[in-house]
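Here are the chains, one letter per residue:
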Amino acid sequence: MSEVTVQGGQEVVGVARIEGPILVVEGAANVSYDEVVEIQDSRGQLRRGRVLEVGEGFAVVQVFAGSTGLSIDGTRVRFLGSTLHIPVAEEMLGRIFDGLGNPIDGGPEPLTDHYADVNGQPINPTARIYPRDYIQTGISTIDGVNTLLRGQKLPLFSGAGMPHDQLAAQIVRQATLGKVAGAPQTEGEEFAIVFAAMGVKNDVADYFRRSFTESGALTRVAMFLNLADDPPVERIVTPRAALTLAEYLAYERDMHVLVVLTDMTNYGEALRQISNVRGEVPSRKGYPGYLYSDLASMYERTGRIRTSKGSITQIPILTMPNDDITHPMPDLTGYITEGQIVLGRELNFAGVYPPVAVLPSLSRLMKDGIGKNRTREDHPRWGAQLYAAYAKTQDVRALASVIGEEELSDVDQKYLKFGRAFEREFVNQSFTENRTIERTLEIGWKLLSMLPRKELTRVTLDEIAQYYKGDDAAN
Amino acid sequence: MSDQVGTITWISGPVVRARGSRLVGMLELVEVGADRLVGEVIGLKGDQMTVQVYEETSGMQTGAPIYGTGLPLSVELGPGLIQSIYDGVQRPLPLIEQAMGSFIHRGARFDSISREKRWKYTPKVKVGDEVKGGAILGVAMETDTFEHRVMLNPDDSGTITWVAPAGDYTVADPIAKLKMGKDEKTVTMLQRWPVRRARPFINRRGANIPLITGQRILDTFFPVAKGGAAGIPGPFGSGKTVTQHSIAKWADAEIIVYIGCGERGNEMTEVLQEFPHLIDPRTGRPLMERTVLIANTSNMPVAAREASIYTGITIAEYYRDMGYHVALMADSTSRWAEALREVSGRLEEMPAEEGYPAYLAGRLAEFYERAGYVNNLNGTQGSVSIVGAVSPPGGDFSEPVTQHTKRFIRCFWALDKSLASARHFPAINWLDSYSEYLEDVAGWWLEKTGKDWLTMRNRAMELLSEESRLSQIVKLVGPDALPYTERMVLETTRLIREGLLQQNATETVDAYSSVEKQIRMLELVLYFHERGMAIVKRGAPINLIHDLPVVDTIIRAKSTVTNEELHKFDDIQKQIDDQMGQLDAEYRS
Ligand SMILES: Nc1ncnc2c1ncn2[C@@H]1O[C@H](COP(=O)(O)OP(=O)(O)OP(=O)(O)O)[C@@H](O)[C@H]1O
Ligand SMILES: [Mg+2]
């Protein structure tokens, strides 16, 4: 192994060990933790990597493109002296990049002298603005009972074969700044969209591209693609590169940015792979103990800050292995994000679109973006009431499956009817249907009116007087 | 003060190894690398030291220096803590923002307590007084109403030789001089204390006063005593943070220390924006004027997250030492345990369960042991109550952090995913939760309300567990199979669940229930039960009870009757009497 110093950083020829995507390089002095390296194979091809650990005279390097084709003696490693940076510019909207941020649409490198560290920096909690403005997505299960706010991180928890891509595309297409119920729908401010794909199939990326094209959004979208056949380690960088651009657009160009990350489960697998190769002590299911902090370092890059008008809203998509919500990826994601939209297998079988399983879904910021002067005064209690009634429906269904529907009490029969109608009329809507908040509230009240008045203990008596249209409305 | 004590030989995330002096102390504070990042020595072996670094280490190089400070990791204590928001190692976040902008960069160095701000100080000792550690030397007004008792460092004692006259002083100004043996020492309002060392006290007192939180399921059903420790475990989205925020808002403590340990930035922002506008029902002052915030969010450096718990508890003990009741919230202790695990993993220590180091249980014990209601060195009494959130992976309580925590707390508030899904909040499961303080605080309730709270509370719990047994049967055969007396139990428990246990933290009236309101509601529901049962036993069909208009009124009372209009409960009781009286009369004949 010999060391040559060339312009732009020291270079080491030959590596000591190669293990999966990890190289151990000896004989380099003054290597910085987390710095970027450029690796040249024996045929002169370049790839990039990053320093994961440094010791006296050695460095452990992770190669983004993997180590296939690298040899012990024929590999040259050049240490570039800084952490990974990508160019950021407004012109990057409308463009397509690979998982490391290099253009792959045949266009030129973005023309800018603004480079930003892909790791970002933590937002100071004192600098944040607490999110309060709701985004109208036109989807009842979101706007009505799991309202999304600007500056919120709200993942979609899904499973293989479920229409999470359609739902995400619909959200992106329909999202506008929410209005008070009944206010005239004017053209809202448009969102810039940053889309990152990690390990998804080409047709998924294609689906989104077509969807953006059809809705005329393509010029407002930057896509970062690491597809299924792209190097897995690169996936570690992809969401970070995307968020780095999003931060620039939101906090330096005052834009409202919607970030879609799909599929975070593939990201997690890449992280696990590297951790395993390094022989780290695993916590659950082979995932590293720092998975929570690692995910947080991306999800927390959402929000609003006081020095800018812009915002970052994140919609990460996760397919839950075996539909298991306690799997470490959805579990730790749920512990970081501000709620979750869960898609349900049974609803999907029943042909309900979007198959949002309302009970396990939650938007934690909802309470701060709805109600009087935001949507409508009854909204919070109306939502709680729908939840409570639908939860009760589940108990009644369980009972009906034991004693038979005929044996149910009158009230329970009404709950059964309510439950069916809730799924058919409230949850279910077409891929192109864009409901106003007023319409969503109206459907909800219509359904609640199927229940006896006495069952509605979450809404106020005044609200019942105003909106309840059930048989016993008079009492 | 800071000489080079070593040279970095290895870096992996927040953990750095170095070679150098054998005189560096275990847990000594050091400055790491060219940027002099803050770190702490966590291992020593020959001339090798292991350091955990409280800031991001990207870009750090081997061969870089490490400087010693000779001091352990400490916090600054003095007037000015209240209303502050710090990171895990007590750096003031507002000053970091002023200097660096919206994002936290490395190398921020600021005094934790302002050296410029002046405090109105009045001495309470005179020349010639013999003073021992912890003695109250004087008082400074930390807010318009909060009296900060300036104490002698617990390790010092001696004879007062000089006292500053009453006036406005900064924490750097001398306020007294002390003869300690041959030396004379100048005392200021500022002291430092190593975070990993519990502040001393004389002894523990019995914990028999409840910490009143205004949350019915806590105060009425599973109370924690002042000086006690409670754990609140639950899966994501079940209500740990909302419950802790509610306690921080309404608990009858004089000081609140809230530690956001590895959690969301927005949640801290929410507290920062909300607390200055919320009024403490006891003092009439903004809640912020009794609050100290520690925010080391999930994306901030993990080693500082580990330290944040100690920073918080030390500040809490300091106010306890003045003779105050302090409540400390830690959200979430699991993230703290994970920080331990991460650092331990980088050190390649032998893991015990689920990758956690073997010393996890010991560290948890040390933390919860720092709760207590004590006799202070200066003769006052004060308490630190701890409420620790636990975030078990997959919501499974059998995991190590929940299990070990259970050994060191006496109050367990078990959050339940299915209650949360049904939007039954607080989603604290009444059958899985427990409090070991029930008997201890029963006397307080009797004295305060003149009512036999414990008997009533136990009666309600009895009904709830009866309900759980009955609902098993209902699930199999439907409710119609039950005799009316058992269905009467279900009518009452519905009132208990929806009227008492459910409490909406976002509704103005419901968010806080006074003790008097709580006991009145409990009484009313049990009264409803007694009367109903008597009627049903005479053969009245249960639906007649179910359909009584007063049922709805009772369920709504939590948000229709404010803490100031408790007489309205008399009206409701009268409605019960009227409506039940009619039925009673019908079925008596
Ligand atoms: N007492 C309550 N009143 C009204 N809503 C509540 C209450 N408790 C919880 N909630 C609802 O539940 C949501 C989740 O609660 P919270 O954020 O406290 O969960 P958590 O247990 O802290 O989750 P995580 O572990 O992910 O931080 C809240 O956003 C709120 O909508
Ligand atoms: Mg929480």
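Here is what the cut-offs are and how they apply
- Residues numbered from 1 in each chain as written.
- Chains lettered and ligands numbered in written order.
- Predicted model: local features only at pLDDT ≥ 70, side-chain atom pairs only at ≥ 80, totals over all residues.
- Heavy atoms only, no water.
- Helix = DSSP H or I, 4+ residues; strand = E, 2+ residues; numbered from the N terminus.
- Rg over C-alpha atoms; globule rule 2.2 N^0.38 Å.
- Contact = heavy atoms within 4.5 Å.
- Areas by Shrake-Rupley, 256 points an atom, 1.4 Å probe, with all protein chains shown as cover.
- Lys, Arg positive; Asp, Glu negative; His and termini not counted.
- Charge placed at Lys NZ, Arg CZ, Asp CG, Glu CD.
- Pairing = 2+ DSSP bridges.
- Core = buried A, V, L, I, M, F, W, Y, C linked by side-chain atoms within 4.5 Å.
- Buried < 20%, exposed > 50% of the residue type's maximum accessible area, 1.4 Å probe, protein only.
- Phe/Tyr/Trp six-rings, centres within 6.5 Å; stacked < 30°, edge-to-face > 60°.
- Expected span 1.5 Å × (residues − 1).
- Arc of directions from axis to C-beta.
- Near = heavy atom within 4 Å.
- Polar contact = N/O pair within 3.5 Å; in protein donor to acceptor, adjacent residues only side chain to side chain.
- Buried area = accessible area lost by both parts, 1.4 Å probe.
- Salt bridge = Lys/Arg side-chain N within 4 Å of Asp/Glu carboxyl O.
- Nonpolar A, V, L, I, M, F, W, Y, C, P; charged D, E, K, R; others polar.
- Patch = residues over 30% accessible without salt bridge, like charges linked within 9 Å, V, L, I, M, F, W, Y side chains within 5 Å.

Asks: Kindly report on the overall build of chain B, identifying the contributing residues and their values.
Replies: Broken down by element type, chain B carries 17 helices and 26 strands. Here the C-alpha atoms of chain B give a radius of gyration of 27 Å, agreeing with the 25 Å that 2.2 N^0.38 yields for 589 residues. Seen through its principal axes, chain B has C-alpha atoms that stretch 95 × 55 × 40 Å. Long-range contacts, defined as pairs at least 24 residues apart, comprise 70% of the intrachain contacts of chain B with a sequence gap of at least 6. Summing over all exposed atoms, chain B offers an accessible surface of approximately 21,000 Å²; the carbon and sulfur share of this is 51%. Each charge class in chain B was averaged separately, 65 positive and 76 negative side chains, and the resulting centres sit 2 Å apart.

Asks: Describe the sheet that holds strand β12 (residues 134-136) of chain A, and please don't skip the residues or the numbers.
Replies: Residue and element names in this part refer to chain A. Sheet architecture is open: three strands sit in the order β13-β12-β15, paired in antiparallel fashion. Either end of the sheet is taken by a strand with one partner, and the two such strands are β13 (148-149) and β15 (176-177). One ladder, built from two bridges, connects β12 with β13; its direction is antiparallel. When the sheet's bridge partners are listed, isoleucine 135 is paired in β13 with leucine 148.

Asks: Outline the nonpolar core, listing residues and values.
Replies: Side chains that are nonpolar tend, in soluble globular proteins, to be buried together. By size, the foremost hydrophobic cluster in this structure holds 90 residues, and its most contacted members are Phe221, Trp413, Ile496, Phe528 and Ile545 of chain B. Considering each element in turn, this core owes the most residues, eleven residues, to helix α14 (residues 515-537) of chain B. Once residues lying within four places of it in the same chain are set aside, the contact partners of isoleucine 496 of chain B are Phe221, Ala460, Leu463, Leu464, Leu501 and Val525 of chain B. The next biggest cluster of nonpolar side chains, apart from the first, holds 76 residues, and it includes Ile96, Ile135, Ile139 and Ala197 of chain A.

Asks: For the packing of aromatic side chains, give the residues involved together with the corresponding values.
Replies: One pair of aromatic rings is described through two measures. These are the centre distance and the angle between the planes. Counting across every chain of the model gives 26 aromatic pairs over all chains. For the pair phenylalanine 422 of chain A and phenylalanine 426 of chain A, a centre-to-centre distance of 5.0 Å together with 10° between the ring planes defines the contact as stacked. Here phenylalanine 422 of chain A pairs with phenylalanine 426 of chain A, and both are found in helix α11 (residues 410-427), just four residues apart, close to one helical turn. Pair check on accessibility: phenylalanine 422 of chain A and phenylalanine 426 of chain A agree, each one buried. Seen in terms of ring centroids, phenylalanine 397 of chain B and phenylalanine 412 of chain B are 6.0 Å apart; in terms of plane orientation they differ by 85°. Their pairing is edge-to-face. One end of the pair, phenylalanine 397 of chain B, is in the loop between β24 (381-390) and α8 (400-408); the other, phenylalanine 412 of chain B, is in strand β25 (residues 411-412), with 15 residues separating them in the sequence. You can call phenylalanine 397 of chain B partly exposed: its relative accessible area is 21%. The buried category is assigned to phenylalanine 412 of chain B, whose relative accessible area is 3%. Within the aromatic cluster, the residues linked to one another by ring pairs are Trp382, Tyr390, Phe418, Phe422 and Phe426 of chain A.

Asks: Just give me the short version of helix α10 (residues 438-449) of chain B, but keep the residues and values in it.
Replies: Residues and elements named next belong to chain B. Taking 1.5 Å as the rise per residue, α10 with twelve residues should run 16 Å; its terminal C-alpha atoms sit 16 Å apart, in good agreement. When α10 is considered as a whole, its buried residues turn out to be Leu438, Val441, Trp445 and Thr449. Taken down its axis, α10 places every buried residue within 80° of arc, on the same side. Exposed residues pointing more than 90 degrees away from the buried face of α10 are listed as Glu439 and Glu447. Buried residues along α10 sit against α2 (216-221), β26 (434-435), α11 (453-477) and α14.

Asks: So what's going on with the site of ligand 1? Which residues, and what values?
Replies: Close to ligand 1 lie 19 residues, the nearest being Gly237, Lys240, Thr241, Val242 and Arg264 of chain B. The environment around ligand 1 is built from residues contributed by chains A and B. For ligand 1, an oxygen atom lies 2.9 Å from a polar atom in the side chain of arginine 364 of chain A. A distance of 3.2 Å separates a nitrogen atom of ligand 1 from a polar backbone atom of glutamine 503 of chain B. Coverage of ligand 1 by the protein chains reaches 93% of its 630 Å² of free accessible surface. If you list the elements that add at least two residues to the shell around ligand 1, you get α7 (328-336) of chain A together with α3 (240-250) of chain B.

Asks: With reference to specific residues and values, describe the interface of chain A and chain B.
Replies: By a widely used convention, the size of an interface equals the accessible area lost when the partners come together. Across the boundary between the two partners, chain A contributes 79 residues, which contact 80 residues of chain B. Across the interface of chain A and chain B, roughly 6,200 Å² is buried in total on both sides, 51% from carbon and sulfur atoms. Taken together, the links from chain A to chain B amount to three salt bridges. Between lysine 367 of chain A and glutamate 270 of chain B there is a salt bridge, and its shortest N-O distance comes to 3.5 Å. Summed over the shared surface of chain A and chain B, the number is 41 residue pairs in polar contact (both at pLDDT 80 or more). Of all elements in the fold, only β6 (46-55), α4 (238-252), α6 (291-299), α7, α9 (366-369), α10 (379-403) and α13 (461-467) of chain A reach the threshold of two or more residues within the side of chain A that touches chain B. Of the residues in the side of chain A that touches chain B, the class split is 39 nonpolar, 21 polar and 19 charged.

Asks: Lay out the sheet that holds strand β16 (residues 183-188) of chain B in plain terms, naming residues and giving numbers.
Replies: All names here are of chain B. The strand order across the open sheet built from four strands is β10-β13-β15-β16, with neighbouring strands paired in antiparallel fashion. The sheet is open, and its two edges are formed by β10 (130-131) and β16, each paired on a single side. Pairing analysis gives two bridges linking β10 to strand β13 (residues 158-163), with the strands arranged antiparallel. Across the sheet, the residue bridging to glutamate 130 is threonine 159, located in β13.

Asks: Tell me about helix α2 (residues 164-174) of chain A, residues and numbers included.
Replies: Along α2 of chain A, nine of the eleven residues are buried, which leaves the element largely enclosed by surrounding structure. Burial in α2 of chain A covers these residues: His164, Asp165, Leu167, Ala168, Ala169, Gln170, Ile171, Val172 and Gln174 of chain A.

Asks: Break down a nonpolar patch on the surface for me, citing the residues and quoting the values.
Replies: Taken together, Val402 of chain A together with Ile473, Leu476 and Val477 of chain B make up a surface patch of nonpolar side chains, about 330 Å² in accessible area. Along the polypeptide, valine 477 of chain B turns up in helix α11.

Asks: Quick rundown of the pairing of strand β11 (residues 136-141) of chain B? Include the residues and the values.
Replies: All names here are of chain B. Bridge count for strand β9 (residues 119-123) against β11 is three bridges, and the pairing is antiparallel. Following the sheet pairing, proline 123 is matched in β11 by glycine 138. Connecting β11 to the next strand, strand β12 (residues 147-151), in antiparallel fashion are five residues.

Coordinates in, geometry out; function isn't part of it.
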